[in-house]
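# A look at the structure
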Amino acid sequence: MVRELAVLIDLVNEAYPDLPTVVNVDDWMAQRFESPIAFLLTQGVMETGNSLTSYQVVAEAAIVLHYPKADGVYQPISTEPLREFLRHKQFSYQGKPNGLTIEIDSSTLRIWRDKKDRIEIAFRFTYNVSVPKEVTEKINVFDIEEVKS
């Protein structure tokens with residue numbers, strides 16, 4: 001989950017460079033933040049075997065963009081920078097901090113504008129994880145016994 005959040009933070013920073021992010025659910029639920037801000041949340045859905053050396057993780061992401069308030073009125077934040085960035089990257093994004101590449105399922109991209117103070121964006125994405133190899137000791141010395149007949 002930490003790797004997923006790091007990639008999402010990087011993705012949001014690419015689309016909205018001046019927008020701070022919060023990932024702690026407790027802080028978000030208690031509203032311990034100042035708008036404008038982006039709240040990010042990921043949840044693993046399932047893991048499937050991809051090959052003998054890797055497996056694929058399917059996860060869901062939620063991005064909540066809280067609007068700034070000016071003169072008592074909320075100023076909406078456009079989703080167009082994020083949508084345009086994803087289209088430009090063909091819904092595939094490689095995070096800079098850890099190099100994890102996520103493939104976003106564009107058919108699951110949903111945007112809810114029903115709240116006056118925020119906009120909510122949700123989508124599913126997948127990524128591959130290598131199966132750790134067992135460390136085995138290499139044999140460098142061989143004892144060869146010759147048999148004479």
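Heads up: these notes are all about the structure in this document.

About the criteria used
Residues numbered from 1 in each chain as written. Predicted model: local features only at pLDDT ≥ 70, side-chain atom pairs only at ≥ 80, totals over all residues. Heavy atoms only, no water. Helix = DSSP H or I, 4+ residues; strand = E, 2+ residues; numbered from the N terminus. Buried < 20%, exposed > 50% of the residue type's maximum accessible area, 1.4 Å probe, protein only. Areas by Shrake-Rupley, 256 points an atom, 1.4 Å probe, with all protein chains shown as cover. Contact = heavy atoms within 4.5 Å. Pairing = 2+ DSSP bridges. Axes fitted to C-alpha atoms, helices over the stretch in contact; angles between N-to-C directions. Phe/Tyr/Trp six-rings, centres within 6.5 Å; stacked < 30°, edge-to-face > 60°. Salt bridge = Lys/Arg side-chain N within 4 Å of Asp/Glu carboxyl O.

Attention now moves to the overall build of the protein chain. Check the secondary structure of the protein chain and you find 3 helices and 8 strands. In the protein chain, the succession of helices and strands from N to C terminus is α-β-α-β-β-β-β-α-β-β-β. For the protein chain, the spread of C-alpha atoms along the three principal axes comes to 100 × 30 × 25 Å. Counting every position in the protein chain, which comprises 149 residues, the buried fraction comes to 32%. Only carbon and sulfur atoms are counted for the fraction: they give 50% of the accessible area of the protein chain, which is about 10300 Å².

With respect to the element layout, arginine 118 can be found in strand E8 (residues 118–130). Apart from the residues lying within four places of it in its own chain, the contact partners of arginine 118 are Val64, Leu65, His66 and Tyr67.

In space, the 6 strands of this open sheet follow the order E1-E2-E3-E8-E7-E6, with mixed pairing throughout. The open sheet has two edge strands, strand E1 (21–22) and strand E6 (92–94), and neither has a second partner. Pairing between strand E3 (residues 54–66) and E8: 13 bridges, direction antiparallel. Bridge pairing links glutamine 56 to asparagine 128 in E8. Where helix H1 (residues 2–15) meets the sheet, its contacts fall on E1, strand E2 (37–49), E3, E6, strand E7 (101–112) and E8, and the angle it forms with E2 comes to roughly 135°.

This next bit is on the packing of aromatic side chains. Centre distance and the angle of the planes are the two values used to describe a pair of aromatic rings. Tallying each qualifying case throughout the model produces 4 aromatic pairs. When the ring of tryptophan 28 is compared with that of phenylalanine 39, the centres are 4.2 Å apart and the planes differ by 5°; the resulting orientation is stacked. Taken together, the residues tryptophan 28 in helix H2 (residues 25–29) and phenylalanine 39 in strand E2 connect sequence positions 11 residues apart. A residue is classified by how much of its surface remains accessible, and phenylalanine 39, at 3% relative accessible area, is buried.

Here the focus is the pattern of salt bridges. Oppositely charged side chains can form a pair if their charged atoms are brought close together. Per the stated rule, a full pass over the model turns up 7 salt bridges. When the shortest N-O distance is used, the salt bridge between glutamate 80 and arginine 87 registers 3.5 Å. Looking at arginine 87, the relative accessible area reads 39%, which means it is partly exposed. Several salt bridges converge on common partners, so that one network encompasses Glu80, Glu84 and Arg87.

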